[in-house]
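Letter by letter, the chains look like this.
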Amino acid sequence: MDLDNTHMFDVRDVDGKGKGLFATRLVPKGTCILSETPVITVPVSPSTNDLKTLWIDVTNLPGEQRHAFESLSNCHPYENIFTQYLSIVRTNCFSTYEDSASVCLVASRINHACDANAQHTWNDKLDKIMVHALRNIAEDEEITTNYMGREHTRQERQEQLKEIYKFECSCELCSLPPVLSEAADRKVLRARKLWANFQVEDGQTRHLSNPLQRLWRLEEIARHRAELGSCTQMHDTHVEASALALSHSDLARGKVFLERAYTSYVIEHGDDDKLTSTLRARLQDLTSSDCYGQSTRWQTGEADVPPKNSPVPFEEWLWKKEEDKPKTGLFADLWDRSTFLGIGGLPTEGLFDVEYHQDASMGQSKPKRHWCFVGEIIDKAAPGGQLQLIVKDVDNHITGVFFHDRHKGETLSDTLRINATIVVLYAQRAQSDAGAVVKVRNTSIIRDFHVPLKKLLGLSSRLLKYATPHDSLRTCHGCAREGSLSLKCGRCGLFWYCDSKCQMTGWNNRNHKTDCKILRNDDVRSLFTFRWHEFEEPVRFPLPASDERMEDLTEKASKITV
Ligand SMILES: C[S@@+](CC[C@H](N)C(=O)[O-])C[C@H]1O[C@@H](n2cnc3c(N)ncnc32)[C@H](O)[C@@H]1O
């Protein structure tokens with residue numbers, strides 16, 4: 001017999017259960033209570049030949065082991081020595097190798113409880129049954145495992161245990177008063193249903209539709225499952241949440257979820273399991289995950305996990321429960337992937353997305369905030385007279401923008417030029433033969449800016465850094481000094497300098513010659529000055545009131561420095 005940690009438990013008689021395992025000292029949560037190599041393995045559905053093989057295997061066991069096997073509990077009737085051995089297997093087996101059931105001489109003595117304090121798992125790296133403590137187990141407490149998995153109602157559990165193991169379970173969970181038992185059952189059913197809905201959609205792209213709602217569903221599942229106490233199911237929930245976060249380039253949440261998955265998995269499976277090693281490796285390089293970066297909608301860095309004393313409660317941050325706080329910057333931040341999206345971050349056409357839609361009458365959903373698709377035209381064609389743009393989006397994904405308006409885009413076909421940036425308001429991700437595309441049904445939602453996307457993004461960064469006051473101080477665009485500056489660009493009125501020397505540096509060496517020209521275009525100015533985070537109703541191009549806002553901004557800028 002191959003056993004570790006025998007000093008932690010012994011086998012005792014238990015009233016009404018036969019024998020059972022008991023802790024002989026405090027066993028802390030996560031402890032490996034035993035790891036044991038099976039003595040007998042049979043196919044799950046044995047043939048007559050397999051029964052003979054079973055008989056041979058048992059009779060070939062060393063005397064002590066054969067005796068131990070024959071004296072294991074047997075709750076099924078049998079007719080002869082072959083079926084007697086099979087009945088013993090059925091009463092005591094664990095599923096181990098594919099389609100196989102195995103018997104261990106010690107682990108098989110562990111009795112069942114629906115609210116078990118330990119869990120057995122099969123470790124195919126070690127070829128052993130492992131039993132780990134799911135919580136602290138007190139000295140003299142019976143060690144129990146759950147024979148059936150957690151997500152079953154009381155009635156389902158009782159029926160299965162009676163059928164397979166011929167006993168009526170009287171564990172604490174099964175002995176709850178009816179009101180509490182029904183409440184526990186409701187949690188089981190809710191978690192099971194929510195989880196089943198996740199399983200319906202398969203493949204990596206499942207994370208792209210309605211991610212916020214999916215995250216909130218996972219939070220609800222995680223809450224129920226935490227109460228049900230299954231580490232395996234907590235692991236599954238957090239792995240899914242991690243994949244969801246990573247799909248949207250959210251490394252901070254992806255990391256926290258994966259760490260949680262790892263922690264719960266290790267409790268039940270130990271740290272020498274195959275999947276444990278995989279999870280550990282994945283944690284080392286989150287970006288290597290298959291689903292990473294399908295969109296940048298929630299982009300964060302690993303270091304963006306808020307500190308413990310952060311004003312936003314950690315769980316609220318983790319599950320994105322916090323209200324979408326209005327962002328108050330003076331200029332639009334084109335890098336903000338909650339508003340300026342690539343194809344992967346867009347809500348899916350025809351689906352209600354809680355992050356972007358509000359209910360409206362007649363089952364039609366309306367935008368509840370502003371957002372847009374942003375990309376650069378890299379090619380265009382008009383097969384069958386329909387204008388189709390090939391676009392590289394803000395996430396560098398190549399996608400299509402297809403025109404489904406009355407004129408099939410013909411009215412715009414000359415204006416929309418290669419290398420121009422386009423912005424499509426309230427865009428949705430639609431399916432076409434060519435994969436995911438944006439369909440433009442009304443030309444007033446699309447606008448082209450005769451500037452490559454890279455330049456617009458660079459300008460956005462510079463506006464945020466040099467044209468936005470920080471604590472009433474400005475940053476010189478020429479030398480990056482922070483202070484009360486008195487010289488501003490006379491043309492755009494937005495960039496500030498220490499003196500004319502810095503202004504020359506800014507103009508000639510730091511892009512302002514180009515930026516200033518770009519900023520003279522009304523559409524570009526309104527793109528940057530429109531209040532994207534203040535929503536009253538959907539807008540169309542041209543975006544409203546850019547000039548007033550620009551005047552307002554330049555005036556504010558002057559006041560700060562006078
Ligand atoms: C795998 S064996 C467990 C060890 C067994 N008690 C023994 O004496 O070897 C399964 C059998 O143990 C008994 N058993 C397990 N858990 C029980 C429980 N919670 N209440 C009553 N009997 C239980 C049932 O007879 C069941 O068929």
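The rules behind the values
Residues numbered from 1 in each chain as written. Predicted model: local features only at pLDDT ≥ 70, side-chain atom pairs only at ≥ 80, totals over all residues. Helix = DSSP H or I, 4+ residues; strand = E, 2+ residues; numbered from the N terminus. Rg over C-alpha atoms; globule rule 2.2 N^0.38 Å. Buried ≥ 20, exposed ≤ 12 C-beta atoms within 10 Å, placed from the backbone. Contact = placed C-beta atoms within 7 Å. Axes fitted to C-alpha atoms, helices over the stretch in contact; angles between N-to-C directions. Parallel < 35°, antiparallel > 145°, perpendicular 65-115°, else oblique. Nonpolar A, V, L, I, M, F, W, Y, C, P; charged D, E, K, R; others polar. Core = buried A, V, L, I, M, F, W, Y, C linked by C-beta atoms within 7 Å. Domains from an automatic or database assignment. Near = placed C-beta within 6 Å. Pairing = 2+ DSSP bridges. pLDDT = per-residue confidence, 0-100. Expected span 1.5 Å × (residues − 1).

### Remarks on the overall build of the chain
- A count of helical and extended segments in the chain gives 15 helices and 24 strands.
- At 32 Å, the chain has a C-alpha radius of gyration far larger than the 24 Å of a compact globule built from 562 residues.
- Over its C-alpha atoms, taken along the principal directions, the chain stretches across nearly 100 × 60 × 45 Å.
- Counting only residues that meet the buried cut, the chain has 35% of its 562 residues in that class.
- Expressed as a percentage of contacts within the chain between residues at least 6 apart in sequence, the contacts between residues at least 24 apart total 65%.

### A word on the packing of helix 1 (residues 48-59) against helix 3 (residues 81-92)
- The interhelical angle for the contact between helix 1 and helix 3, taken along N-to-C directions, is 80 degrees, at an axis separation of 9 Å. Taken together, the axes of helix 1 and helix 3 are roughly perpendicular relative to one another. The residues of helix 3 that touch helix 1, namely those facing Leu 51, Lys 52, Leu 54, Trp 55 and Val 58, are Ile 81, Phe 82, Tyr 85 and Leu 86.
- Taken together, the residues of the contact of helix 1 with helix 3 sort by class into eight nonpolar, no polar and one charged.

### Here's the deal with the nonpolar core
- Counting residues in each nonpolar core, the largest one holds 66 residues, and the members touching the most others are Ile 33, Ile 40, Val 89, Ala 118, Val 131 and Ile 143.
- The element best represented in this core is helix 8 (residues 251-269), accounting for 10 residues.
- Taken domain by domain, the makeup of this core includes at least three residues from each of domain 1 (6-165) and domain 2 (178-304).
- Contacts of Ile 143, omitting those with residues within four sequence positions, involve Phe 9, Leu 21, Phe 22, Ala 23, Ile 33, Ile 110, Asn 117, Ala 118 and Ile 137.
- Core analysis: the second largest hydrophobic core is formed by 50 residues, Leu 346, Ile 377, Tyr 466 and Phe 528 among them.

### Description of the site of the ligand
- The immediate surroundings of the ligand are formed by 19 residues, with Gly 18, Lys 19, Ser 73, Asn 111 and Tyr 165 found nearest.
- Taken together, the elements giving at least two residues each to the shell around the ligand come down to strand 2 (18-23), helix 3 and strand 7 (111-112).
- Top contributing element to the shell around the ligand by residue count: strand 2, with three residues.
- Of the residues belonging to the shell around the ligand, the class tally is six nonpolar, nine polar and four charged.

### So, the pairing of strand 8 (residues 118-123)
- Bridging between strand 8 and strand 9 (residues 128-133) involves six bridges; their strand directions are antiparallel. In the strand pairing of strand 9, His 120 is matched with Val 131.
- Connecting strand 8 to the antiparallel partner strand 9 that follows it, the hairpin turn spans four residues, and Asp 127 within it adopts a positive phi of roughly 55 degrees.

### Points about the pairing of strand 15 (residues 388-393)
- By the bridge criterion, six bridges tie strand 14 (residues 372-381) to strand 15 in an arrangement that is antiparallel. Note on strand 15: the bridge partner recorded for Glu 376 is Lys 392.
- Pairing analysis gives five bridges linking strand 15 to strand 16 (residues 398-403), with the strands arranged antiparallel. The partner of Val 391 across the bridge, within strand 16, is Thr 399.

### Some thoughts on the sheet that holds strand 10 (residues 142-145)
- The strand order 1-2-10-7 describes an open sheet built from four strands, whose pairing is mixed. With one partner strand each, in any of the chains shown, strand 1 (9-14) and strand 7 form the two edges of the open sheet.
- As judged from the two bridges shared by strand 7 and strand 10, these two strands associate in the parallel manner. Following the sheet pairing, His 112 is matched in strand 10 by Thr 145.

### Re the sheet that holds strand 4 (residues 40-43)
- The sheet built from three strands is open, its strands ordered 4-6-5 with antiparallel pairing. Looking along the sheet, the strands with just one partner apiece sit at the ends: strand 4 and strand 5 (94-95).
- Judged from the four bridges that link them, strand 4 and strand 6 (residues 100-103) form a sheet pairing that is antiparallel. Its bridge partner lying in strand 6, Thr 41 is registered against Ser 102.

### Some points on the environment of Ser 486
- When you line up the elements, Ser 486 lands in the loop between strand 22 (482-483) and strand 23 (487-488).
- With 13 C-beta atoms counted inside 10 Å, the residue Ser 486 sits in the partly exposed group.
- Spatially, the C-alpha atoms of Ser 486 and Arg 150 are 69 Å apart, while their sequence positions differ by 336 residues.

### A few points about the confidence of the model for the chain
- Confidence in the prediction of the chain, expressed as mean pLDDT, is 89, and 92% of residues score 70 or more.
- A low-confidence stretch, residues 556-562 stays under pLDDT 50, and its non-local contacts, those more than four residues away or across chains, total 11 contacts.

### Side note on the packing of helix 11 (residues 453-466) against helix 13 (residues 512-519)
- One way to put it is that helix 11 packs onto helix 13 with a least axis distance of 11 Å and a crossing angle of 100 degrees. Classified by the interaxial angle, the pair formed by helix 11 and helix 13 is roughly perpendicular. On helix 13, the residues touching Lys 455, Leu 459 and Arg 462 of helix 11 are Thr 514, Asp 515 and Ile 518.
- Of the residues in the contact of helix 11 with helix 13, the class split is two nonpolar, one polar and three charged.

### Quick look at helix 11
- The end-to-end C-alpha separation of helix 11 is 20 Å, in line with the 20 Å expected for 14 residues at 1.5 Å each.
- Taken together, the buried positions of helix 11 are occupied by Leu 453, Leu 456, Leu 459, Arg 462, Leu 463 and Tyr 466.

### Side note on the environment of Leu 215
- As for its placement among the helices and strands, Leu 215 is situated in helix 6 (residues 211-228).
- On the neighbour-count criterion, Leu 215 (24 C-beta atoms within 10 Å) is buried.
- Leave out the neighbours within four places in its chain, and Leu 215 touches Ala 241, Leu 244, Trp 319 and Lys 320.

### Some details on unusual backbone geometry
- Note that the residue after Phe 541, namely Pro 542, is joined by a cis bond; omega there is 0 degrees.
- One non-glycine residue with positive phi stands out, namely Asp 140, at about 75 degrees.
- Relative to the elements of secondary structure, Asp 140 occurs in the loop between strand 9 and strand 10.
- Given 10 C-beta atoms within a 10 Å radius, Asp 140 is considered exposed.
- Not every positive phi belongs to a glycine, and Ser 249 is a case in point at roughly 65 degrees.
- Residue position: Ser 249 is located in the loop between helix 7 (231-247) and helix 8.
- For Ser 249, a count of 22 C-beta atoms within 10 Å corresponds to the buried category.

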